[in-house]
Amino acid sequence: PTGTFATSNIRMDRVYNPKLRLGANYCLSWNGDYMFHSVVTTADQHHYIKSLAKQQVKHPSSPGCVCLSIDDAKWIEHNLPTGTKVVVADN
């Protein structure tokens, strides 16, 4: 979604959606179901890729969340204050 939002106090070290068969680490919620999180993982927490630079069409990705490198996602989950403004612009 486009607009101005705020980070919530919902932080999770790990999420997994069995319907999509996708997981992620270091999650911080904004706008309900949307999150900042690591590159996606399998059910057994294996990362499909380690770096966003290696992201290719053949790898699954998150449906609407903001995928970050593992290190960046961890920093954001552990350090970004609740209520931080998130602006999503339409290009």
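Residues numbered from 1 in each chain as written. Predicted model: local features only at pLDDT ≥ 70, side-chain atom pairs only at ≥ 80, totals over all residues. Heavy atoms only, no water.

Draft legend 1. View of the packing of aromatic side chains. All told, the structure shown has three aromatic pairs when counted by the stated rule. Between the aromatic rings of Phe5 and Trp30, the centroid separation amounts to 5.4 Å while the plane-to-plane angle is 50°, which identifies the pairing as tilted. Linking Phe5 in strand 1 (residues 3-17) with Trp30 in strand 2 (residues 22-30), this pair joins segments that are 25 residues apart in sequence. Taken individually, Phe5 and Trp30 each receive the classification buried, so the pair is uniform in this respect. Ring pairs connect the aromatic residues Phe5, Trp30, Tyr34 and Phe36, which therefore count as one cluster. (Phe/Tyr/Trp six-rings, centres within 6.5 Å; stacked < 30°, edge-to-face > 60°. Helix = DSSP H or I, 4+ residues; strand = E, 2+ residues; numbered from the N terminus. Buried < 20%, exposed > 50% of the residue type's maximum accessible area, 1.4 Å probe, protein only.)

Draft legend 2. Broad picture of unusual backbone geometry. Phi angles above zero are rare outside glycine, and Arg21 is one such case at about 55°. Its place among the elements puts Arg21 in the loop between strand 1 and strand 2. On the accessibility criterion, Arg21 (61% relative accessible area) is exposed. At Asn31, a residue that is not glycine, the phi angle is positive and equals roughly 55°. Asn31 sits in the partly exposed class, given a relative accessible area of 32%.

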